[in-house]
Amino acid sequence: MTATPVCVEPGSFLTLHYRLSGPAGDVINTFGGPPATLTMGTGELSPAVESCLIGMEEGTRSTFDLPAGAAFGERNPDMQQWLSSKELKSLGDPNEQYAPGDAVQFPTPDGQGQFAGVVLQVAEGRGVQFDFNHPLAGQPVTFEVQLIGVL
């Protein structure tokens, strides 16, 4: 009797290694460390990336190429915002120094999670301009995955 392979379905709990990369290289890569665990449909991965996993069999490894904008949407200029020095002090370390290219974690309004922004520029008296777009927004994405377990 042959066992039916376990496949990813909506709501599946997964253990996997994965890599998300764009033209400039890796943004996320778990292959060098412990595997990631996540639940399908909870927003831990974008819907386009999750759709690559649906139907995939436990124990397999695949690579998917997603066209520009498909994985994380297009870049949105409204996601580039200025935060005053006063706002930044209230959100974190009042002595923090910011430089272009720095990735900064911010608490979500409910305090239950975090989101990141990348420093675009620092202007004395104005504050810091952040880009809150996903780093791979508007870019082609390569998604490599090794599916270790499916529950």
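Refer to the preceding data block for the structure.
Throughout, residues of each chain are indexed from 1 in the direction in which the sequence is written. A pLDDT threshold of at least 70 governs which residues receive local features in this predicted model, and a stricter bar of 80 or more applies before side-chain atom pairs are shown or counted, although totals over entire chains, interfaces and linings include all residues. As a rule here, side-chain values cover all heavy atoms of the structure and leave hydrogens and water aside.

Comments concerning the overall build of the protein chain
Definition in use: Numbering of helices and strands runs from the N terminus, with a helix taken as a DSSP run of H or I at least four residues long and a strand as a DSSP run of E at least two residues long. Two things to know: the radius of gyration comes from C-alpha atoms, and the globule rule equals 2.2 Å times the number of residues to the power 0.38. Remark: exposure states derive from per-residue accessible area (1.4 Å probe, protein chains only) relative to the maximum for the residue type, with buried under 20%, exposed over 50%, and partly exposed in between. Only heavy atoms matter for contacts: two residues are in contact if any of them lie within 4.5 Å across the pair.
Summing up its helical and strand segments, the protein chain has two helices and nine strands in all. Relative to its length of 151 residues, the protein chain is extended, with a C-alpha radius of gyration of 19 Å against a globular reference of 15 Å. Taken along the three principal axes of its C-alpha coordinates, the protein chain extends 70 × 30 × 25 Å. Counting only residues that meet the buried cut, the protein chain has 32% of its 151 residues in that class. Once local pairs closer than 6 in sequence are excluded, the contacts in the protein chain between residues at least 24 apart make up 63%.

Topic: the sheet that holds strand β8 (residues 127-131)
How we decide: The criterion for strand pairing is that DSSP finds at least two bridges linking the strands in question. To get an axis, fit a line to the C-alpha atoms, keeping to the stretch in contact for a helix; angles then go from 0 to 180 degrees between the N-to-C directions.
Taken together, four strands build an open sheet; the order of strands is β5-β8-β7-β6 and the sheet is antiparallel. Of all the strands in the sheet, the pair left with one neighbour each is β5 (80-83) and β6 (103-107). Strand-to-strand twist of the sheet, defined as the mean angle between neighbouring strand axes without regard to direction, takes the value 40°. Across five bridges, β6 lies against strand β7 (residues 114-123) in antiparallel orientation. Bridging across to β7, Phe106 finds its partner in Phe115.

Observations concerning the packing of aromatic side chains
Threshold: Put simply, two rings from Phe, Tyr or Trp (the six-membered ring, in Trp's case) pair if the centres are within 6.5 Å, and we call them stacked under 30 degrees between planes, edge-to-face over 60, tilted for the rest.
Per the counting criterion, the structure on display carries eight aromatic pairs. Each ring, one from Phe106 and one from Phe130, has its centre 5.1 Å from the other, and the planes form 85°; the classification is edge-to-face. You can see Phe106 sitting in strand β6 and its partner Phe130 sitting in strand β8, a full 24 residues away along the chain. Through pairs of rings, three or more aromatic residues link up here, namely Tyr98, Phe106, Phe115, Phe130 and Phe132.

Some thoughts on the nonpolar core
Convention followed: In this description, a nonpolar core means a group of buried Ala, Val, Leu, Ile, Met, Phe, Trp, Tyr and Cys residues linked to one another through side-chain atoms lying within 4.5 Å.
Ranked by size, the top nonpolar core spans 21 residues in total, and within it Val8, Leu14, Leu16, Tyr18, Leu53 and Phe143 carry the most contacts. Among the secondary structure elements, those contributing two or more residues to this core are β1 (13-22), β3 (36-39), α1 (47-53) and β9 (141-150). Top element by residues in this core is β9. It accounts for five residues. Beyond its immediate stretch of four places on either side in the chain, Val8 contacts Leu14, Met40, Leu53, Ile54, Gly55, Met56, Leu147 and Val150.

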